[in-house]
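Each chain, letter by letter, is given below.
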Amino acid sequence: MPRLQPINPATAQGETAAVLNGVAKKLGKVPNIIATMANSPAVANAYLSFSGALAGGSLPANVRERIALTTGQANQCDYCVAAHTVLGKGAGLSDEDVADARNGTAKTEKEAAAVVFARKVVETQGNVSDADVTAVREAGYTDGEIAEIVAGVALNLFTNYFNHVAGTEIDFPAAPELASV
């Protein structure tokens, strides 16, 4: 049961209604995470702005989704793993790609480097080593793209922690269990 209640878009008013209507127009629905964030339009707008800004960055959607999946899995956020399993598939990830990202890897060396680095950022709370930065750079990422990987982790840490606190009800198909390694 949710600890923070989602706002019903049909009864929302003022700035809250504007935020939720904008999301509904763009996505065709209002996911529970956004409806719950909308308890504070500032929080919902901050999330939407941050997410939108990163969508306009250099990293392709499939890499951003891999980062979301590895971060969500590392933080045991069932909501985010479910949501990004769906969004990842929409960005061209296969079931195997999704599972790989959740396990902290990928098929290609470059994609794997981004996922491994993102997982290191989570696990070390940002205190990565010089060797970690060198490895992601040597895989072909620019300093700007490395900054976007860190920002992607930060965005997903926010949503992971928000969902843990809020007890957000999952409104996406549940992500499959990972095979034991």
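Before any of the text, the structure's been laid out above.
My aim in this report is to walk through the structure given alongside it, one point at a time. (Residues numbered from 1 in each chain as written. Predicted model: local features only at pLDDT ≥ 70, side-chain atom pairs only at ≥ 80, totals over all residues. Heavy atoms only, no water.)

1. Some thoughts on the overall build of the protein chain
Within the protein chain, the regular secondary structure consists of nine helices and zero strands. Along the protein chain, from the amino end to the carboxyl end, the secondary structure elements read α-α-α-α-α-α-α-α-α. In terms of overall size, the protein chain behaves like a compact globule, its C-alpha atoms giving a radius of gyration of 16 Å where 181 residues would be expected to give roughly 16 Å. C-alpha atoms of the protein chain, sized along the principal axes, occupy 50 × 35 × 30 Å. The buried share of the protein chain, reckoned over its 181 residues, is 44%. At a minimum sequence separation of 6, the contacts of the protein chain that also span at least 24 residues come to 70%. (Helix = DSSP H or I, 4+ residues; strand = E, 2+ residues; numbered from the N terminus. Rg over C-alpha atoms; globule rule 2.2 N^0.38 Å. Buried < 20%, exposed > 50% of the residue type's maximum accessible area, 1.4 Å probe, protein only. Contact = heavy atoms within 4.5 Å.)

2. Digging into the pattern of salt bridges
Within the structure shown, the criterion is met by six salt bridges. Where Asp 95 meets Lys 89, a salt bridge forms, and the shortest distance between an N and an O atom there is 2.6 Å. Of the residues examined, Asp 95 reaches a relative accessible area of 54% and is grouped as exposed. Residues Glu 96 and Lys 107 are paired through a salt bridge, measuring 3.9 Å at the closest nitrogen-oxygen approach. Linking Glu 96 in helix H6 (residues 95-102) with Lys 107 in the loop between H6 and helix H7 (109-123), this pair joins segments that are eleven residues apart in sequence. Overall, Lys 107 belongs to the exposed group, its relative accessible area being 52%. (Salt bridge = Lys/Arg side-chain N within 4 Å of Asp/Glu carboxyl O.)

3. Observations concerning helix H9 (residues 143-166)
Taking 1.5 Å of rise per residue, the 24 residues of H9 would be expected to cover 34 Å, and the 34 Å separating its terminal C-alpha atoms lies within 8% of that figure. Positioned one or two residues after H9, Gly 167 has a phi angle of 65°, which is positive. (Expected span 1.5 Å × (residues − 1).)

It is worth stressing that arrangement in space is one thing and function is another; only the former is reported here.
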